[in-house]
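Now for the letters of each chain:
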Amino acid sequence: MKKVLVTGGAGYIGSHACLVLLENNVEVVVLDNLCNSSLESIKRVEKITGKNISFYNADLMKPEDIEEVLQKEKNIETVIHFAALKAVGESVAEPLKYYENNISGTINLLNAMEQHKIQNIVFSSSATVYGNAKTVPVDETAPTGPTNPYGQTKLMMEQILTDCSKAKNLNVTLLRYFNPAGAHNSGLIGEDPEYPNNLLPFVQQVAAGIRPKVMVFGDDYETPDGSGVRDYIHVMDLAEAHYAAILKMSEVKIYNVGTGVGYSVLEMIEAFKRISKQDVPYEVGPRREGDVGILTAEAKLIKEELGWSAKRDLDEMIQDSWRWQSQNPKGFRA
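What counts and what doesn't
- Residues numbered from 1 in each chain as written.
- Predicted model: local features only at pLDDT ≥ 70, side-chain atom pairs only at ≥ 80, totals over all residues.
- Heavy atoms only, no water.
- Helix = DSSP H or I, 4+ residues; strand = E, 2+ residues; numbered from the N terminus.
- Buried < 20%, exposed > 50% of the residue type's maximum accessible area, 1.4 Å probe, protein only.
- Contact = heavy atoms within 4.5 Å.
- Areas by Shrake-Rupley, 256 points an atom, 1.4 Å probe, with all protein chains shown as cover.
- Lys, Arg positive; Asp, Glu negative; His and termini not counted.
- Charge placed at Lys NZ, Arg CZ, Asp CG, Glu CD.
- Pairing = 2+ DSSP bridges.
- Phe/Tyr/Trp six-rings, centres within 6.5 Å; stacked < 30°, edge-to-face > 60°.
- Lys NZ or Arg CZ within 6 Å of the ring centre and 35° of its normal.
- Axes fitted to C-alpha atoms, helices over the stretch in contact; angles between N-to-C directions.
- Parallel < 35°, antiparallel > 145°, perpendicular 65-115°, else oblique.
- Left-handed = near helix turned anticlockwise from the far one by under 90°.
- Nonpolar A, V, L, I, M, F, W, Y, C, P; charged D, E, K, R; others polar.
- Salt bridge = Lys/Arg side-chain N within 4 Å of Asp/Glu carboxyl O.
- Core = buried A, V, L, I, M, F, W, Y, C linked by side-chain atoms within 4.5 Å.

## What to know about the overall build of the protein
Item 1. For the protein, the count of helices and strands is eleven helices and 14 strands.
Item 2. Per-residue burial for the protein yields a buried fraction of 55% across its 334 residues.
Item 3. Look at the contacts in the protein between residues 6 or more apart in sequence, and 80% of them connect residues 24 or more apart.
Item 4. Carbon and sulfur atoms provide 47% of the accessible area of the protein, an area that totals close to 14,500 Å².
Item 5. Considering the protein, the positive charge centre built from 34 side chains and the negative charge centre built from 44 side chains are found 3 Å apart.

In structure tokens:
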């Protein structure tokens, strides 16, 4: 049985990844400071799987916290590194907070991994590293150029990991996610933001009557209906990509994790209305700083090399999101 340390494992993507790992008989240790996550998500993953997680309320900004975890948890083979601040808008307003937290936390983690001779890391990167892509869909060789500090921290962390791989024989897999959405089909875990930064949780809160309307940021992009187009991927597909990655670690590998299919903001709203049978009022506002018009993935490489591809479609993604929202109107805070 493998033993994996998951930083940020109580968060949205992290909790779903922990569930997939447990279902595949991987022993899971979670390190999370709960700054934008909930311990309830860990309890519910344990309920779904019938298996236990070793949880530590610890902070990557405190090297002594990481050391304490690694002293107690022997034989960790691999780290999956999710822990980071992740809101694009906040990163534009507070860049120093993002550079300090995301980059320093990663350096502290890598120092601890070196001390404890842990040689494998899967990193939660982002398609935001591509910035305003010249051609879409984008493949892994496309030029990078983030348009916001959040994306810049992801690219800088990729570079740090790449340099460490060369210097320290570290096995590194960089997963560049497109737009995670959806929830586990049990309705027990899902995305739980107090104030949503991503489209689908915002739409579902409007559909549930929690918020009055969806703000559509820009309707003047060069897209079929003028609203931004993104590649949405079911969070369970994304979680399964992490399991595929830990089975085949090697020197630095970069993979896009997406579907290759793009949907506009207005298309997502209409699909949610159709499936939830709820009204979703929206208002068009100006473009949001740091956003791009269209971004979709070329995801052939991960299929060829890791045997992974997305299995779930848009309807399933929205059905699972609405089930989560309906069963948990206050998220984990209830």
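## Here's the deal with the sheet that holds strand β9 (residues 229-230)
To summarise the sheet geometry, strands pair through backbone hydrogen bonds and adopt either a parallel or an antiparallel arrangement.
Item 1. What the three strands build is an open sheet, ordered β12-β9-β14; its pairing is mixed. The open sheet has two edge strands with one neighbour each: β12 (263-264) and β14 (294-295).
Item 2. Here β9 pairs with β12 via two bridges, running antiparallel. For V229, the partnering residue across the bridge sits in β12 and is S264.

## Comments concerning the packing of aromatic side chains
Item 1. This model, assessed by the stated rule, comprises three aromatic pairs.
Item 2. With a centroid separation of 5.0 Å and 55° between ring planes, the pair formed by W324 and F332 is classed as tilted. F332 shares its class with W324; the two are buried.
Item 3. One cation-aromatic arrangement involves R211 over F202; the distance from NZ or CZ to the ring centre is 5.6 Å.

## Points about the packing of helix α7 (residues 199-207) against helix α11 (residues 314-327)
Item 1. The N-to-C vectors of α7 and α11 enclose an angle of 55°; their axes lie 10 Å apart at closest approach. Here α7 is positioned oblique relative to α11, judged by the angle of their axes. Seen from above, α7 lies across α11 with right-handed handedness. Facing L200, Q204, Q205 and A207 of α7, the residues of α11 in contact are M317, I318, S321, W322, W324 and Q325.
Item 2. In the contact of α7 with α11, the residues fall into six nonpolar, four polar and no charged.

## With respect to the pattern of salt bridges
Item 1. Tallied over the full model, the rule gives 18 salt bridges.
Item 2. Note that E240 is salt-bridged to K311, the shortest N-O span being 3.4 Å. Residue E240 is located in helix α8 (residues 235-246), and its partner K311 is located in the loop between α10 (300-306) and α11; the two are separated by 71 residues in the primary sequence.
Item 3. Salt bridges here are not isolated pairs; linked through shared partners, they connect D237, E240, K311 and R312.

## Focus on the nonpolar core
Generally speaking, nonpolar side chains in soluble globular proteins are found buried as a group.
Item 1. Judged by nonpolar contacts, the single largest core of 43 residues is most densely connected at L21 and I302.
Item 2. Among the elements of the structure, β1 (3-7), α1 (12-23), β2 (27-32), α2 (39-49), β6 (171-177), α8, β11 (253-257) and α10 are those that each provide at least two residues to this core.
Item 3. In terms of residues, this core owes the most to one element, α8, which gives nine residues.
Item 4. Every residue in contact with L21, bar those within four places of it in the chain, is listed here: V4, V6, V26, V28, I80, Y243 and I246.
Item 5. In this structure, L5, V79, I103 and V172 belong to the second largest nonpolar core, which totals 24 residues.

## Comments concerning the packing of helix α9 (residues 265-276) against α11
For any two helices packed against each other, one specifies the crossing angle of their axes together with the interaxial distance.
Item 1. Across the interface, α9 lies against α11 with an axial gap of 10 Å and an inter-helix angle of 65°. The crossing of α9 and α11 is right-handed. Contacts between α9 and α11 involve M268, A271, F272, R274, I275 and S276 from the first element and L314, D315, I318, Q319, S321 and W322 from the second.
Item 2. Looking at side-chain class alone, the contact of α9 with α11 contains seven nonpolar, three polar and two charged residues.

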